[in-house]
Amino acid sequence: MIIFNKKYLLMLVSIFALSLVLVACGGGDDSEGDSGSEDTGSEEESGSEEESDSGSGDGGEEASGDFEEQEWRFISEELQGEVQYEYTAEFGKRIEEKTGGAITVEPLEYGSLGSEVDQAQLLQQGGVELAVVSPGFVGGQIPDAQIFSLHYFFPTDQELVQEILTNSEAINTDLAAKYEEQNFKPLAFWTEGQMAWTSNVGIESPSDWEGLNMRVQESPLMRQTYDAYGATVQSLSWGELYTALDRETVDAQENPIFFIESAGFHEVQDTMTIPKHNNYVAMTAVNNDWFNSLDDNVKELLQETAAEMQDWVFEEQARQNDAGLQAIKDDTENPTEVIELNEDQIAEFREAAEPVHEYYRNEIDGVDADLFDKLKAEIEEYENQ
Ligand code: 6CS
């Protein structure tokens, strides 16, 4: 009998809907297209291509000043109540308000259209208009996006991190251009907070990783990083992670604290280490072709709303992370030892992580060394200001 955290049962069922949706989008591998061709007609009726078409101008009704009626779908990698989902709901509310209801935005939670990798693919193909995409799921096709996976590269102060993510030219111009080549149009990068490690052994030094099987996202660099600590690694969608940890097919994972609590990972892990190694970066993105087809005022609406949301989401993640930590500490039914590493312990991890920075810059195929150098210099400037 598989044991699920109760709130994920529904989500796991709905994950199977994705293949149908991808077929409806007409994208994907030839093989997928072939097998799904009979379904295309019925899926298109409810699919988002139709929604996008209706919003692109032809026959769209003029409503509320300058905005034509449109319906957008905004998918996140998290569930209702969690930071990304709440972001999509707030973003949608603001768009509706600003357009007097002419443009509506339907927030979609994780699982309604597949795994995180499926969702990113869906955005690329135009199956949804907007998505929150974590760089950890596109590292295979955008090697430079893996820069967010480096340990001890960004500052630990989350306010500073958010400032860098918001204003960095290396991120918002140079890296954004790499995303655009893959048909993503990034509107904003933001932090979901500092990440923590959970395990049953209590990770306090790099040697504690030896023999542990670490869950990572789809990023080759994440694999390299935990390999450098001596762990084995396994890529998995987070929807499968609770069961994997419970069955001990996976021994450890990393996530911001609000998410560890919300997904219940602490229920099936004995310890949570706070190593200050990295933040969880999320990206608000739209399909680039779709974006380029929009009228200028709609482009501005999207960019302006994404910019405004930076402060909102910073406060939201801080609130949720504080509450999550408290809830983990208060959960006496599932006691979790919270381990805060001291400066000496952090220095040990920093030293072990350093060669991975060089490896990333010099060895990974497709990585732009200039982008790395530019962001590193920007970070140093922010830290010294
Ligand atoms: O661990 C993950 O993959 C998930 N973590 C967060 C904080 N958001 C979504 C993501 O898929």
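Structural data are supplied above this passage.
To keep things clear, this report deals only with the structure shown in the data block. Just so it is clear, the structure is predicted and the values come from calculations on it, not from any experiment. (Residues numbered from 1 in each chain as written. Predicted model: local features only at pLDDT ≥ 70, side-chain atom pairs only at ≥ 80, totals over all residues. Heavy atoms only, no water.)

**Some words on the nonpolar core**
Nonpolar side chains in soluble globular proteins generally cluster together in the buried interior.
Then, number 1: If you look at the biggest cluster of nonpolar residues, it comprises 46 residues, and the most contacted ones within it are Trp72, Tyr87, Phe91, Trp190, Phe265 and Leu302.
Then, number 2: When residues in this core are grouped by element, the largest group, seven residues, is from helix H14 (residues 296–330).
Then, number 3: Dropping the residues within four chain positions of it, Phe265 is found in contact with Trp238, Leu241, Tyr242, Leu245, Gln253, Asn255, Phe259 and Ile260.
Then, number 4: Counting 40 residues, the second largest nonpolar core, distinct from the first, contains Ala120, Val133, Ala285 and Leu375. (Core = buried A, V, L, I, M, F, W, Y, C linked by side-chain atoms within 4.5 Å. Buried < 20%, exposed > 50% of the residue type's maximum accessible area, 1.4 Å probe, protein only. Helix = DSSP H or I, 4+ residues; strand = E, 2+ residues; numbered from the N terminus. Contact = heavy atoms within 4.5 Å.)

**As for the pairing of strand E4 (residues 103–108)**
Then, number 1: As paired elements, strand E3 (residues 70–75) and E4 share six bridges and run parallel to each other. By the bridge assignment for E4, Ile75 is matched with Leu108.
Then, number 2: For the crossover that starts at E3, traverses helix H6 (residues 83–98) and ends in the parallel E4, the hand is right-handed. (Pairing = 2+ DSSP bridges. Right-handed = clockwise from strand over helix to strand, strands pointing away.)

**Some remarks on the packing of helix H9 (residues 169–181) against helix H16 (residues 369–384)**
Then, number 1: The contact between H9 and H16 brings their axes to 9 Å, and the two run at 160°. Considering their axes alone, H9 and H16 lie roughly antiparallel with respect to each other. As for how H9 packs across H16, the hand of that crossing is left-handed. Residues Glu169, Ala170, Ile171, Asp174, Leu175 and Lys178 of H9 form the contact with H16, whose own contacting residues are Leu371, Lys374, Leu375 and Glu378.
Then, number 2: Across the contact of H9 with H16, the residue classes break down as five nonpolar, no polar and five charged. (Axes fitted to C-alpha atoms, helices over the stretch in contact; angles between N-to-C directions. Parallel < 35°, antiparallel > 145°, perpendicular 65-115°, else oblique. Left-handed = near helix turned anticlockwise from the far one by under 90°. Nonpolar A, V, L, I, M, F, W, Y, C, P; charged D, E, K, R; others polar.)

**Details of the site of the ligand**
Then, number 1: Surveying the vicinity of the ligand reveals the residues Glu77, Glu78, Gln84, Glu116, Phe137, Arg215, Gln217, Trp238, Asn255, Pro256, Phe259 and Tyr280.
Then, number 2: One of the side-chain N or O atoms of Arg215 is found 2.7 Å from an oxygen atom in the ligand.
Then, number 3: At a separation of 2.8 Å, a nitrogen atom of the ligand approaches a polar side-chain atom of Asn255.
Then, number 4: Given that more than half its atoms are within 2 Å of the pocket grid, the ligand belongs to the second largest cavity.
Then, number 5: Looking at side-chain class alone, the shell around the ligand contains five nonpolar, three polar and four charged residues. (Near = heavy atom within 4 Å. Polar contact = N/O pair within 3.5 Å; in protein donor to acceptor, adjacent residues only side chain to side chain. 1 Å grid on protein atoms, 1.4 Å probe; cavity = no way out; pocket = protein on both sides within 12 Å on 5 of 7 lines; lining within 4 Å. Sits in = over half its atoms within 2 Å of the grid points.)

**Re empty space enclosed by the protein**
Once rolled over the atoms, a probe with the size of a water molecule shows which space is left empty.
Then, number 1: Taken as a whole and judged by the stated rule, the model has four cavities of 30 Å³ or more.
Then, number 2: One number sums up the size of the largest cavity: a volume of about 170 Å³.
Then, number 3: Looking at the lining of the largest cavity, the element that brings in the most residues is strand E11 (residues 279–287), giving three residues.
Then, number 4: Split by residue class, the lining of the largest cavity holds eight nonpolar, eight polar and two charged.
Then, number 5: Of the voids in this model, the second largest cavity is the one considered here, and its volume is about 100 Å³.
Then, number 6: Around the second largest cavity sit 14 residues that line it, and Gln217, Trp238, Asn255, Phe259 and Tyr280 are the ones nearest its centre.
Then, number 7: Contributions of two or more residues to the lining of the second largest cavity are made by strand E9 (253–256) and helix H12 (257–263). (Points joined across faces, edges and corners; volume = space filled by probe spheres on them.)

**Some remarks on unusual backbone geometry**
Then, number 1: Backbone geometry at Asn183 places phi at a positive 70°, although glycine is not the residue there.
Then, number 2: Looking at where Asn183 falls in the secondary structure, it is placed in the loop between H9 and strand E6 (184–199).
Then, number 3: The phi dihedral of Glu248 falls on the positive side, at around 65°, and the residue is not glycine.

**Points about a negative patch on the surface**
Then, number 1: A cluster of acidic residues, Glu343, Asp344, Glu348, Glu351, Glu354 and Glu358, forms a negative patch at the surface.
Then, number 2: Mapped onto the elements of the fold, Glu354 is located in helix H15 (residues 343–363).
Then, number 3: Assessed through its relative accessible area of 37%, Glu354 is described here as partly exposed. (Patch = residues over 30% accessible without salt bridge, like charges linked within 9 Å, V, L, I, M, F, W, Y side chains within 5 Å. Areas by Shrake-Rupley, 256 points an atom, 1.4 Å probe, with all protein chains shown as cover. Salt bridge = Lys/Arg side-chain N within 4 Å of Asp/Glu carboxyl O. Lys, Arg positive; Asp, Glu negative; His and termini not counted. Charge placed at Lys NZ, Arg CZ, Asp CG, Glu CD.)

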